[in-house]
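# Structural features, examined
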Amino acid sequence: MTIVYTTNTGSTKRYAELLSEKTGYPCVELSKADLPKDEEVIFFGWVMLSSIQGLAEAREKFNLKAVCSVGMMGDMDKDSIIEKNAITEPFFAYIGAFDVKKLKGMHKMLINMMLKAIKSSVKSSDDPASKKAYEMLEKGFDMVNVKHLGNLLEFLGFETEKEEPQEEGEQ
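Everything quoted here is computed from the prediction, not taken from an experiment. (Residues numbered from 1 in each chain as written. Predicted model: local features only at pLDDT ≥ 70, side-chain atom pairs only at ≥ 80, totals over all residues. Heavy atoms only, no water.)

## Observations concerning the overall build of the protein
- Each helix and strand in the protein was counted, giving 6 helices and 8 strands.
- Against the globule reference of 16 Å for 171 residues, the protein gives a C-alpha radius of gyration of 17 Å, in line with a compact fold.
- Taken along its principal axes, the extent of the C-alpha atoms in the protein is 55 × 40 × 25 Å.
- Summarising the internal contacts of the protein: among those between residues at least 6 apart in sequence, 67% fall at separations of at least 24.
- Summed over its atoms, the accessible surface of the protein is roughly 10,100 Å², and 51% of this surface lies on carbon and sulfur atoms. (Helix = DSSP H or I, 4+ residues; strand = E, 2+ residues; numbered from the N terminus. Rg over C-alpha atoms; globule rule 2.2 N^0.38 Å. Contact = heavy atoms within 4.5 Å. Areas by Shrake-Rupley, 256 points an atom, 1.4 Å probe, with all protein chains shown as cover.)

Laid out in structure tokens, this is it:
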């Protein structure tokens, strides 16, 4: 079993490495993965517009034991990710990190345009959730945590660290 990943800003790589530490499975970036076709692979890909980057290539090259997505929305967008990527494999979705300073080229330009477009409507809004979401995008966030991998570790037959329920307002 091998963990294979694609990453844009590093969150997906961090999750793959955390899983590697917990399982002892080797971890390699998709572009460097030279594995036998029948090798079972846990694939991690980053999400852009509900599309898991690198998934098509990973499906062509490997026997996928599980597919994992890492994105800004975590599993809130799970159904559209499953549909858009025609996922039939066991699927796990995780929230990553976001820092506009780590983005490059078109991705950075699009996010900056989006932030500029919604800034005035959010600032005049009475909705605290909208304000919090905008603030998280503007300032960035990091939600990568080994405890999030509990469902995948259980699927793979490993002991898990149970996530403590958070009190309201805790992070």
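There's plenty left to go through after this.
## A few points about the pairing of strand β3 (residues 40-48)
- Note that strand β1 (residues 2-5) and β3 share 4 bridges and pair parallel. Pairing of tyrosine 5 across the sheet is with phenylalanine 44, part of β3.
- Bridge analysis of β3 against strand β5 (residues 63-71) gives 7 bridges, and the strand direction is parallel. Residue pairing in the sheet places glycine 45 in a bridge with serine 69 of β5. (Pairing = 2+ DSSP bridges.)

## Considerations on a nonpolar patch on the surface
- On the surface, Met106, Met109, Leu110 and Met113 cluster together to form a nonpolar patch covering roughly 410 Å² of accessible area.
- Of note, leucine 110 is situated in helix α4 (residues 105-123). (Patch = residues over 30% accessible without salt bridge, like charges linked within 9 Å, V, L, I, M, F, W, Y side chains within 5 Å. Salt bridge = Lys/Arg side-chain N within 4 Å of Asp/Glu carboxyl O.)

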